[in-house]
Structures are given as C-alpha cells and as structure tokens.
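Summary of the model geometry
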Amino acid sequence: MKKNVRLTAILLAVIVSLCACARAEDSEDKTGSVEEEKIRIGMCFDSFVIERWQRDRDVFVQAAKDLGAEVNVQNANGDIEEQKKQIAYFIEKGMDVIVIVCIDSDALSDSVKAARNAGIKVIAYDRLINNADIDLYISFDNEMVGTLMGEALVESGLGAGSRVIMAGGSPTDNNVSLIDSAFIKVMQENSIEIIDMMHCDGWRAELAAEYVDSHRDLVSECDAIMCGNDNLASQVVNALSVQRLAGRIEVTGQDADLEACQRIVEGTQLMTVYKPVEKLATRAAECAVILAKKGSLTGDDIGSIGNGKGEVPYVKLEPLMVTKENMDRVIIDSGFHRKDEVYLNVK
Ligand code: BGC
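Described in the following lines is the structure provided in the data block. Keep in mind that this is a model prediction, so the values were computed, not measured.

A short note on the sheet that holds strand β12 (residues 311–317)
One open sheet accounts for seven strands, arranged β2-β1-β3-β4-β5-β12-β11; its pairing is mixed. What marks the edges here is a single partner per strand, and that holds for β2 (69–75) and β11 (302–306). Put simply, the sheet's adjacent strands are angled 25 degrees from each other on average, direction ignored. As judged from the four bridges shared by strand β3 (residues 97–100) and strand β4 (residues 121–125), these two strands associate in the parallel manner. Looking at β4, one finds that V97 is bridged to K121. Against the sheet, helix α2 (residues 51–66) touches β1 (39–45), β2, β3, β4 and β5 (136–140), its axis set at about 160 degrees to β2.

Below is the structure:
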C-alpha cells in the first residue's frame, strides 16, 4: 500500500515537471519569435493589368519591409466579390492594417466596417472608398489629372468649335468622375464641344477600341479623344491607325506607361499624366506603419476629404503633364523610364 502511494507521488511529480517544461517552451516560443511581433499589412489590388500597379506594389512592399512590416498582397482580378473575400481573409488573419485599391468605390462600406470593428486600420489607396470610416485616403489630385488633359488639348490648338470624344475609365472608380468633371470644365471654358462620351467598365481597354471601330463617322469628325488612361489610349491609337487617323486626332492618357511615352515622342499620343507612384507608395507605407502602431497621422501633407460618411484624412499628391517637349525633364531625368527605351522607335 505504502509502495503504491510512493509510486503515485513520483508519477505526479514527473507529470507536473513535464507540464512545467512544456509551459516554459511555450512561452519561449512566444517571446523568442520575432515574426509574431512584426507589423502585418494586407494589401488588396484591383488587378495588375496596368503597368503602374506592379510598381506601386513593389515600392510599397519594400518601403514597408524597411520599416519592419511584412505585407501580404492579394489580387482580385477586377472582381469585387473576390475583393470582399480577400478583405474578410485579412480580417480573419488579424492584420494590423488593410490597404485597398478598391474596384468599386461604393461597395466596400460593410467590409471596412467589419475591419474597423476588429480593430484593423484601413487605408484607401489611390481610389477613395465612399461611405466608410477609413483611416486614410492617399492618392494623386485626380481633378488635376482631368484639368491637365484638358489644358494639353487647348495648348495643342483646340478651341471654340473643336470637337472631342471622351473614352473614360471604369464608372465604379471614384477617380473617374473627378477626372471627367474637371476635364469637362476645361472644355466648357474653351467652348470645345464634347460630341460623345463612353466609359470602359472595369477599365477594359478593348471597349474603347470597339467604340472607335463602331463609330467611324463620329470619330472621323472629332479633333481629339480624351482617354482615361494610357492603356485605353493604347487601344484607341491602334484602332485609329486602322482608319489611318493615328497622329491626326489628338489622344490623351495618364500613368506615363512606357508605351505611352514612346507614342508621345513618335507623335501618335499628345500627352500623358505622370504620377510619381514611388512617392505615393512610400508615403502610404509610412502611414500604414504609423497607424499600425496606433500613432496619429501628422504632417503638412495631411488634409481631409468628405466621403459621404464624414471627413477622412487625405494625402493628395501632385500629378504632372507630360508632352513631347518636357519628356526628358519629367520622365527621364526623374528616372521613371530610361531614355533609350522611350526613344526606342525614334531616330
Ligand atoms: C488610377 C489610374 C489607373 C486606373 C486603371 C485609376 O484609379 O488612378 O492610374 O490607370 O485606375 O487601373
């Protein structure tokens, strides 16, 4: 009997000490692991079809890494339901911050609410998210983008009586209405007639090409086609060249894609708008880390904008007009594209 009691006591002592060891190992895991202390950012992209977004991603991820954060990047390929699922996944994973290039500016109120309820900060990157309690909207001055497109047409010689067609971007992208209305204002101020307007759902450039193909009479009567970005301009110029109109009808764009810069120096596109995405991505990464550490955003560049829910912090960067005349200064000297690449097809 006594022997049994002794055995049980020894067994108990062994179990207790084993448990203690296991607990010690557990806590060592937690405190020893640097990974778990890292700031974690989830970044949701619309798609990577357009050249610029890869640059945005690469610069953001590197800048965040330099600040001690790690970034999980998701791509919704233009599908808003997929984007909602990706945001839900980031909420489930307990990210510190979610950075979103939204596909539909009016469709993410519930997703943002769910993230905020989980204590996660939300940044609207490049495109505003309406009716949502976001922590920051960071973008370029999109009204200025539209104004620069209009001014370039006026500087090229369009004036009273000139006729313009608008081929705008996705109607669900908040930037598009800002660009359109600023562009229309310049047209009105200069008595330039807008003879037609179309929009490309999901920024699908083939829709702009199809428009040019199927509206030959109208197109042959116009002096310029305002294209919402360089990808649309690319397809429009191709479609115009089939009708032997490339270079005879002015075309605008934005993003300073390499091919657009090439078309500008070759003479088939009038202008583009350069948006230094390095600045945007770097500043966004800095703000994301500050928000993750529960800091408040300060600095001369922090303004505010109404998004239907209230005033939200807004960082607005300046876009620049690019033409044949200032290509070298704006694009090449800044290192955005190399000179030999831009002038590849020009002797
Ligand atoms: C961006 C443009 C881009 C377009 C298509 C807009 O929201 O501001 O730079 O070309 O989306 O992705």
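Having seen it, we continue.
Concerning the packing of α2 against helix α11 (residues 277–292)
Close contact between α2 and α11 brings their axes to 8 Å; oriented N to C, the two are set at 40 degrees. In terms of axis orientation, α2 runs oblique to α11. The hand of the α2/α11 crossing is right-handed. Mapping the contact onto sequence places R52, R55, D56, V59, F60, A63 and A64 in α2 and V277, E278, L280, A281, T282, A284, A285 and A288 in α11. The residue inventory of the contact of α2 with α11, partitioned by class, reads ten nonpolar, one polar and four charged.

Analysis parameters
All residue numbers refer to positions counted from 1 along the written sequence of the respective chain. A pLDDT threshold of at least 70 governs which residues receive local features in this predicted model, and a stricter bar of 80 or more applies before side-chain atom pairs are shown or counted, although totals over entire chains, interfaces and linings include all residues. The side-chain figures draw on all heavy atoms in the structure; neither hydrogens nor water molecules are used. DSSP-based pairing: two strands are paired if at least 2 bridges between them are found. Elements are defined by DSSP. Helices are runs of H or I of four residues or more, strands are runs of E of two residues or more, and each kind is numbered from the N terminus. Axis angles are defined between N-to-C directions and span 0 to 180 degrees, where every axis is a line fitted to C-alpha atoms and, for a helix, only to the segment in contact. It only takes one pair of heavy atoms within 4.5 Å for two residues to be counted as in contact. We call two directions roughly parallel when the angle between them is under 35 degrees, roughly antiparallel when it is over 145, roughly perpendicular when it lies between 65 and 115, and oblique otherwise. Note on convention: near helix rotated counterclockwise from far helix by under a right angle means a left-handed crossing. Clockwise means right-handed. Each residue is assigned to one class: nonpolar for Ala, Val, Leu, Ile, Met, Phe, Trp, Tyr, Cys and Pro, charged for Asp, Glu, Lys and Arg, and polar for all the others, Gly among them.

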